[in-house]
Amino acid sequence: TGADIVPIIGENRVLAFYGLKRLNESPRPGMKALSRDHKRFGEMTITDIVFTIAPRINAAGRMKHAKNVVSLLIEKNEKMAIKTAQEIETYNTDRRAEDKRITKEALAQIKSASYQESASTVVYHPQWHKGVIGIVASRLIETYYRPTVVFTKSKDYLVASARSVKGFDIFEALESCSAHIEQFGGHKYAAGLSIREENYELFKAAFDKVVAERITEAQKIKVIEIDTELDFSDITSGFYDVLKQFEPFGPENMPPLFITKNVMDRGYSKTVGSENEHLKLHMCSEKEKLSEMNGIAFNMGHHSQYVSKGLTFDICYAIQENKWKGNVSIQLAVKDIKTL
């Protein structure tokens, strides 16, 4: 339920709630081994499932074979479970390296080609790893927010993963290009397809034409829907306890998003990550200088120069617990920063 990103409402929410309860109270040896180095302090949450457990389970199938995960999940011997979990961790490390490498190559391909006037992104390299191209398609949308198709070669065909932007039906777009496609399947926001190599340029042109004709101006802009505006003084442990009652979160029951305007650095914000790509924030608001708040902004390290100057900015965020070495504190999971 969590890993496949399905609506967390009705029966799904009930199953997710009791599934997590069981997972925390009496996990199988395989799940225990898989989560022991990655579970946040305290109980496992749906976030742990989606961002740490599921990627590792998927990595085995992407990089080697899914039977490794089946073996892990049915394993009864704790030592054997730990051994298999370590192997799966290696697959995940390899998957992340491939994901990073291919994304970098795809971005270079987009920059070097004549994509400036394109309504879509379609890229191809015969040696890209088939198990990672779906992740890469999603990564490319983070940079170029438009319907995206990433191809690689598999035997006699080119195979691809397609990903869409909010509101645009990529399955219908592929249907309109079916004259150039051998097989395809999927849904509104994600699909897979295969084509003959000689049809690549024909498909690319046809797909871009369909997207250009159908996509609306609103669908070209990534929109974050904010629930309400807060002051930092509103964010108390009691308020967070109320928010937790809405868990587990997921599609159609997403964590509420808030905005606080005119905040500023308290002098301790800094970039973090191997390439300084993330931003760890320590802030106060301009009107409430005594109310301080910590936050983490993934892939927003580029804002650090502005933030460090002491200038005000607006932030959009969800509220979460930060659990580290037995200490628990409230922090903001920053979704966007608007410099003023």
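Residues numbered from 1 in each chain as written. Predicted model: local features only at pLDDT ≥ 70, side-chain atom pairs only at ≥ 80, totals over all residues. Heavy atoms only, no water.

Description of the overall build of the protein chain
Within the protein chain, the regular secondary structure consists of ten helices and twelve strands. Radius of gyration (C-alpha) of the protein chain: 22 Å, near the 20 Å computed for a compact globule of 340 residues. The principal-axis extent of the C-alpha atoms belonging to the protein chain is close to 65 × 55 × 40 Å. For the protein chain, the residues scored as buried account for 41% of the 340 residues in total. Taking all contacts inside the protein chain whose residues are at least 6 apart in sequence as the whole, residues at least 24 apart take part in 61%. Counting 47 positive and 44 negative side-chain charges, the protein chain places the centres of these two groups 5 Å from one another. (Helix = DSSP H or I, 4+ residues; strand = E, 2+ residues; numbered from the N terminus. Rg over C-alpha atoms; globule rule 2.2 N^0.38 Å. Buried < 20%, exposed > 50% of the residue type's maximum accessible area, 1.4 Å probe, protein only. Contact = heavy atoms within 4.5 Å. Lys, Arg positive; Asp, Glu negative; His and termini not counted. Charge placed at Lys NZ, Arg CZ, Asp CG, Glu CD.)

Some thoughts on the packing of aromatic side chains
A full pass over the atoms with the stated rule returns eight aromatic pairs. Relative to Phe184, the ring of Phe171 has its centre 5.3 Å away and its plane inclined at 50°; by these criteria the two rings are tilted. One end of the pair, Phe171, is in helix H7 (residues 170–176); the other, Phe184, is in strand S4 (residues 183–186), and 13 residues separate them in sequence. Residue classification places Phe171 among the partly exposed positions, given a relative accessible area of 24%. Centre to centre, the rings of Phe203 and Phe207 are 5.6 Å apart; their planes meet at 20°, and the pair counts as stacked. On the criterion of helical spacing, the pair formed by Phe203 and Phe207 is a turn pair, its members being four residues apart in helix H8 (residues 200–214). The pair Phe203 / Phe207 is uniform in exposure class, with both members buried. Ring pairing ties together the aromatic residues Tyr124, Phe151, Tyr200, Phe203 and Phe207, which thus form one cluster. (Phe/Tyr/Trp six-rings, centres within 6.5 Å; stacked < 30°, edge-to-face > 60°.)

Quick look at helix H5 (residues 78–112)
Between the first and last C-alpha of H5 there are 51 Å, a value that for 35 residues agrees with the 51 Å anticipated at 1.5 Å per step. Two or three places before Lys79, at the start of H5, stands the capping residue Asn77, its side-chain oxygen 2.9 Å from that residue's backbone nitrogen. (Expected span 1.5 Å × (residues − 1). Polar contact = N/O pair within 3.5 Å; in protein donor to acceptor, adjacent residues only side chain to side chain.)

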